[in-house]
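Chain by chain, the residues run as shown.
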Amino acid sequence: MLGRLAQVGAACRKGAQRQWWAGGRDTSVTALFCSASAAAAGGVATAPAATGALGAAAVSAGAAAAGTAAAAAGSAAVVHAARAAPTPLRRLAIVGASLGVGAGAAYLVFQPSPEALKAAYLMPVRLARDVYTAAAIVLDYKLSLKPDLAGEEREAVLRGCHQRGADRLLQLCFANGGIYTKLGQHVGQLDHLLPEAYVETMKAHLLDRCPVSDIDEVRSMFVQDLGAPPEQLFAHFSPTPIASASLAQVHEARDHAGRRLAVKVQHAGLRESCAADVATVEALVGCVRWVFPDFDYRWLVDEIKENLPRELDFRHEAANSERCRANLEASAKAGAWHADRVHVPAVDYRTCSPRILTMEFIDGVGVTDVAALKRLGVSPREVSLLVAETFNEMIFTHGYVHCDPHAANMLVRKKDGHVQLVLLDHGLYKAISDSFRLEYAALWRALIFADADGIRRHAAAMNAGDAYDIFAAMLTQRPWEEILEQRSDHLHVERSAETRQMAADYMAKYGREISGLLQRMPRPLLLLLKTNDCLRSVDYALGQPVNGFVITARECSAALARERLRGHPGALVWLGVAWERLRVETRMLLFEALVYWSKFKARVGLGRGSKAAGAAKQPHPL
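Residues numbered from 1 in each chain as written. Predicted model: local features only at pLDDT ≥ 70, side-chain atom pairs only at ≥ 80, totals over all residues. Heavy atoms only, no water.

With an unreviewed UniProt entry as reference, the protein is termed ABC1 atypical kinase-like domain-containing protein, source organism Chlamydomonas incerta. The heading Sequence similarities (unreviewed entry) in the UniProt record of the protein holds the text "Belongs to the protein kinase superfamily. ADCK protein kinase family." (UniProt positions renumbered as here; feature names shortened; annotations may be inferred.)

Below, the structure written as structure tokens:
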């Protein structure tokens with residue numbers, strides 16, 4: 001077919017040349033399209049098949065597609081039709097026919113899939129929504145915050161701008177879905193940085209209350225993937241989802257043995273829209289880099305391209321959950337107190353596919369629902385401690401990390417008289433190498449013990465270079481001078497409107513350096529930063545009842561100690577390891593004593609006079 005198209009295109013080009021030299025003025029347009037057709041047909045055999053979203057986008061856009069394939073028969077017909085007296089209408093008809101025939105020929109040659117065609121349509125639509133939303137938010141701030149506003153009046157206007165901006169961003173996430181919903185979820189975790197209106201709006205609507213797919217779309221997906229509708233595969237299947245997230249929604253069901261199941265069904269059309277989302281985000285990042293060369297966010301596109309296909313294949317999620325369960329069982333056998341208090345729902349592989357995942361149903365309360373936890377007889381402190389121990393062990397012991405631990409992905413229940421943490425949504429994991437794991441552990445140990453030389457050395461291994469102080473601030477949310485303070489609680493952050501504003505000012509001041517760090521730091525660290533943001537948000541919602549940094553010190557010190565004992569067994573090494581452990585435990589006890597002393601002073605009224613004194617120096621989150 002390609003050879004035939006090349007022959008016809010070449011013949012058409014020769015005919016057009018004869019018409020041109022004969023003096024026919026209108027044939028110049030035809031010659032142009034015929035030449036393009038011949039050149040395209042001759043080069044098709046060596047060109048890669050453009051079946052992806054961007055290739056389909058080019059076909060849909062029309063410029064490349066039309067120029068690629070003004071097919072021979074149509075072009076020849078246009079040549080004969082063009083011999084009459086030229087008119088604007090006739091010229092328009094010639095161009096229109098050539099474009100139409102060229103696009104049709106391109107479709108026949110490239111054979112784009114329906115998914116790619118849909119992505120080509122969705123990309124400009126989504127990009128237009130992005131531009132409109134961004135422009136509306138910026139204009140609202142510009143027009144509302146007049147220069148003569150001051151004091152409480154300005155603060156009230158600013159709060160209104162924040163809420164309207166958050167509402168517009170939420171509508172964009174709902175309209176575009178897919179990646180946008182996930183990005184909106186992450187915005188909801190940045191309560192240490194962003195205005196409260198953005199954080200609370202995203203939290204309230206994007207964790208487990210996302211738009212849902214119609215039940216007919218769900219049935220169609222079951223038939224396509226498993227060969228039968230859900231009503232035949234299960235004894236009972238609820239048509240109404242109990243939760244809906246960015247990529248999927250969850251239905252309650254019962255199998256024929258009577259077991260309760262949670263069936264996770266991917267949103268219809270998500271793969272097609274996500275292909276468009278990746279292309280849109282890539283285009284936006286390219287535009288930002290072109291306008292502001294110092295702000296390079298290509299790392300974001302790279303991360304999305306790498307991780308999104310895995311999240312869209314639920315077989316990966318099932319494998320991740322199995323490995324997580326195996327790691328917890330190994331920790332329990334090694335004596336970790338928390339490991340047998342963490343549960344991963346079992347997968348029922350009989351009704352699973354790349355877009356459908358069936359698991360055991362777990363009843364529990366939200367990990368940040370403090371009122372429900374108290375009704376259950378569970379203290380927020382116990383939950384916070386369990387979460388911190390679990391994820392620190394994932395990072396520093398196993399090197400296989402659940403990278404999406406936001407509040408909707410964790411439940412709490414009571415079992416056998418003990419609190420149990422239930423981990424959900426295992427779609428996004430990161431495996432880190434032993435060398436990176438140990439370097440990261442050494443870095444955190446240096447941060448917690450205020451070891452400036454150690455911070456510089458281990459930050460250099462993370463490609464931080466001379467920006468080690470900014471890198472340390474990104475990890476701890478504390479300024480460099482406070483990171484180096486010799487106090488047991490020197491990394492503890494009090495959340496307030498003032499700390500949010502100072503964090504935003506810091507981001508504005510060092511945005512260029514932070515962008516450069518994100519671009520050159522090791523890829524695994526990017527997802528670990530996201531994990532840290534999610535865990536900080538959960539800890540903050542629980543009232544920050546424990547110092548997670550001290551628990552981090554315990555786990556990373558233990559990881560380094562195991563490595564030292566493995567490499568150099570002996571009495572002296574054992575004594576050194578024991579001394580390091582004693583230092584960590586002593587620091588943790590000191591922090592606990594400080595916490596109880598602060599509570600005691602507040603209860604008896606000894607700390608009333610310190611508020612004004614402390615107001616002069618608010619703790620800086622960065």
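Chemist: For this particular structure, what's the right way to read the overall build of the protein?
Modeler: Check the secondary structure of the protein and you find 27 helices and eleven strands. Look at the contacts in the protein between residues 6 or more apart in sequence, and 73% of them connect residues 24 or more apart. Summing over all exposed atoms, the protein offers an accessible surface of approximately 29,700 Å²; the carbon and sulfur share of this is 60%. (Helix = DSSP H or I, 4+ residues; strand = E, 2+ residues; numbered from the N terminus. Contact = heavy atoms within 4.5 Å. Areas by Shrake-Rupley, 256 points an atom, 1.4 Å probe, with all protein chains shown as cover.)

Chemist: What's the story with the pattern of salt bridges in this structure? I'm lost.
Modeler: Between side chains of opposite charge, a pair can form as their charged atoms come close. All told, the structure shown has 28 salt bridges when counted by the stated rule. With a shortest N-O distance of 2.7 Å, R164 and D140 are connected by a salt bridge. Pair noted here: R164 is in helix 8 (residues 151-176) and D140 is in helix 7 (residues 114-144), with a separation of 24 residues, a long-range link. A salt bridge links R437 to D434; the nearest nitrogen and oxygen atoms lie 3.2 Å apart. (Salt bridge = Lys/Arg side-chain N within 4 Å of Asp/Glu carboxyl O.)

Chemist: How should I be thinking about the sheet that holds strand 9 (residues 410-415) in this particular structure?
Modeler: The strands that make up a sheet pair up through hydrogen bonds in the backbone, lying either parallel or antiparallel. Pairing within the open sheet is mixed, and its four strands lie in the order 5-10-9-7. At either end of the open sheet lies a strand with only one pairing partner, and these are strand 5 (342-343) and strand 7 (365-366). The pairing of strand 9 with strand 10 (residues 418-423) spans six bridges and is antiparallel. Within strand 10, the residue paired with K414 across the bridge is V419. (Pairing = 2+ DSSP bridges.)

Chemist: When you look at helix 15 (residues 314-333) in this model, what are you seeing that I'm missing?
Modeler: Side chains of residues three or four places apart in an α-helix project in the same direction, reflecting 3.6 residues per turn. In a regular helix each residue adds 1.5 Å, so 20 residues correspond to 28 Å; helix 15 covers 29 Å between its end C-alpha atoms and thus fits that length. When helix 15 is considered as a whole, its buried residues turn out to be F314, E317, A318, N320, S321, C324, R325, N327, L328 and S331. Following helix 15 by one or two positions, G335 has its phi on the positive side, about 100°. (Expected span 1.5 Å × (residues − 1). Buried < 20%, exposed > 50% of the residue type's maximum accessible area, 1.4 Å probe, protein only.)

Chemist: Which parts of the structure should I look at to understand the packing of aromatic side chains?
Modeler: Scanning the entire structure with this criterion turns up eight aromatic pairs. Between F234 and F237, the aromatic rings sit 5.9 Å apart at their centres with planes inclined by 25°, giving stacked as the arrangement. Classification of F237 by relative accessible area gives buried; the value is 7%. A centroid spacing of 5.8 Å and a plane angle of 20° characterise the contact between F396 and Y440, whose relative ring orientation is stacked. Highlighted residues: F396 in helix 17 (residues 380-398) and Y440 in helix 18 (residues 434-448), separated in sequence by 44 residues. (Phe/Tyr/Trp six-rings, centres within 6.5 Å; stacked < 30°, edge-to-face > 60°.)

Chemist: Even after reading the chapter, I still don't get unusual backbone geometry, so can you show me in this structure?
Modeler: For residues that are not glycine, phi is negative in most cases, and the peptide bond is trans in most cases. Notably, D416 is not glycine yet its phi reads approximately 55°, a positive angle. Topologically, D416 is positioned in the loop between strand 9 and strand 10. Residue classification places D416 among the exposed residues on the basis of a relative accessible area of 69%. Of note in the backbone geometry, A450 takes a positive phi value of approximately 55° without being a glycine. Its location among the elements puts A450 in the loop between helix 18 and helix 19 (452-461).

Chemist: Quick question: what am I supposed to make of the nonpolar core here?
Modeler: It is characteristic of soluble globular proteins that their nonpolar side chains tend to be buried jointly. Grouped together as the largest cluster of nonpolar side chains are 46 residues, with contacts concentrated most on Y440, W444, F471 and M521. Taken together, the elements giving at least two residues each to this core come down to helix 17, helix 18, helix 19, helix 20 (468-476), helix 21 (480-483), helix 23 (511-520), helix 24 (523-541) and helix 25 (548-567). For this core, the element with the highest residue contribution is helix 18, accounting for eight residues. If we ignore the near neighbours within four places in the chain, the residues touching Y440 are I395, F396, M462, L475, L525, L528 and N532. L328, V367, M410 and L535 belong to the second-largest nonpolar core, a separate cluster that totals 26 residues. (Core = buried A, V, L, I, M, F, W, Y, C linked by side-chain atoms within 4.5 Å.)

Chemist: It is not clear to me how the pairing of strand 10 should be interpreted in this structure. Could you clarify?
Modeler: For a regular strand, side-chain orientation follows a simple rule: the groups alternate between the two sheet faces. Within strand 10, five of the six residues are buried, leaving the element largely enclosed by the surrounding structure. Bridge count for strand 5 against strand 10 is two bridges, and the pairing is parallel. Directly across from H343, in strand 10, lies its bridge partner V422. Here strand 9 folds back onto strand 10, and the loop between the two strands holds two residues, one of which, D416, carries a positive phi near 55°.

Chemist: Whenever I open this one, the confidence of the model for the protein confuses me. Can you help?
Modeler: Low-pLDDT portions of the prediction should not be read for the details of their coordinates. On average, residues of the protein carry a pLDDT of 78, and 75% of them reach 70 or more. Throughout residues 1-84 the model reports pLDDT below 50, and contacts reaching past four residues in sequence, or to other chains, amount to 101 contacts. Note that pLDDT drops below 50 for residues 608-622; the model gives that stretch 30 contacts with residues more than four away or on any other chain. (pLDDT = per-residue confidence, 0-100.)

Chemist: How do you make sense of the packing of helix 17 against helix 18 when you look at a structure like this?
Modeler: Any two packed helices are characterised by how steeply their axes cross, that is the angle between the axes, and by the distance between the axes. It is at 8 Å that the axes of helix 17 and helix 18 come closest, and there the two elements cross at 125°. Classified by the angle their axes make, helix 17 and helix 18 are oblique. Contact residues: I395, F396 and T397 in helix 17; R437, Y440, A441 and W444 in helix 18. Taken together, the residues that form the contact of helix 17 with helix 18 break down as five nonpolar, one polar and one charged. (Axes fitted to C-alpha atoms, helices over the stretch in contact; angles between N-to-C directions. Parallel < 35°, antiparallel > 145°, perpendicular 65-115°, else oblique. Nonpolar A, V, L, I, M, F, W, Y, C, P; charged D, E, K, R; others polar.)

Chemist: Just checking my understanding: could you explain the pairing of strand 4 (residues 260-266) for this structure?
Modeler: Counting buried residues in strand 4 gives six out of seven residues, a clear majority hidden from the surface. Pairing geometry for strand 3 (residues 248-254) and strand 4, over seven bridges, is antiparallel. Looking across to strand 4, one finds that R254 is bridged to R260. Bridging between strand 4 and strand 6 (residues 356-360) involves five bridges; their strand directions are antiparallel. From the neighbouring strand, A262 faces strand 6, where its bridge partner is M359.

Chemist: Can you help me understand the environment of V378 in this one?
Modeler: Residue placement: V378 occurs in the loop between helix 16 (370-375) and helix 17. Each C-alpha atom of the pair V378 and V419 lies 6.8 Å from the other, and the pair is 41 residues apart in sequence. Ignoring sequence-local partners within four residues, the contact set of V378 consists of L373, V383, V412, K414 and V419.

Chemist: Whenever I open this one, helix 18 confuses me. Can you help?
Modeler: If you check helix 18, its first and last C-alpha atoms are 21 Å apart, about what 15 residues at 1.5 Å a residue would give, namely 21 Å. If you check which residues of helix 18 are buried, you get F436, R437, L438, Y440, A441, A442, L443, W444, R445, A446, L447 and I448. In the segment just after helix 18, A450 is the residue with positive phi, at about 55°.

Chemist: Help me understand the environment of S433, please; the structure alone is not making it clear to me.
Modeler: Examined against the element boundaries, S433 turns out to sit in the loop between strand 11 (429-431) and helix 18. Overall, the relative accessible area of 39% leaves S433 in the partly exposed class. For the pair S433 and G399, spaced 34 residues apart in the sequence, the C-alpha separation amounts to 6.8 Å. Only 3.2 Å separates the side chain of S433 from the backbone nitrogen of F436, close enough to count as a polar contact. (Polar contact = N/O pair within 3.5 Å; in protein donor to acceptor, adjacent residues only side chain to side chain.)

Chemist: Got a minute to help me understand the packing of helix 17 against helix 25 in this structure?
Modeler: Interaxial distance between helix 17 and helix 25 falls to 9 Å at its minimum, and their mutual angle equals 30°. By the angle between their directions, the pair helix 17 and helix 25 is classed as roughly parallel. Of the two elements, helix 17 crosses helix 25, and the hand of that crossing is right-handed. Between helix 17 and helix 25, the contacting residues are L385, A388, E389, N392, E393, F396 and T397 on the first element and G548, I551, T552, R554, E555, C556, A559 and R562 on the second. Residues that form the contact of helix 17 with helix 25 fall into these classes: six nonpolar, four polar and five charged. (Left-handed = near helix turned anticlockwise from the far one by under 90°.)

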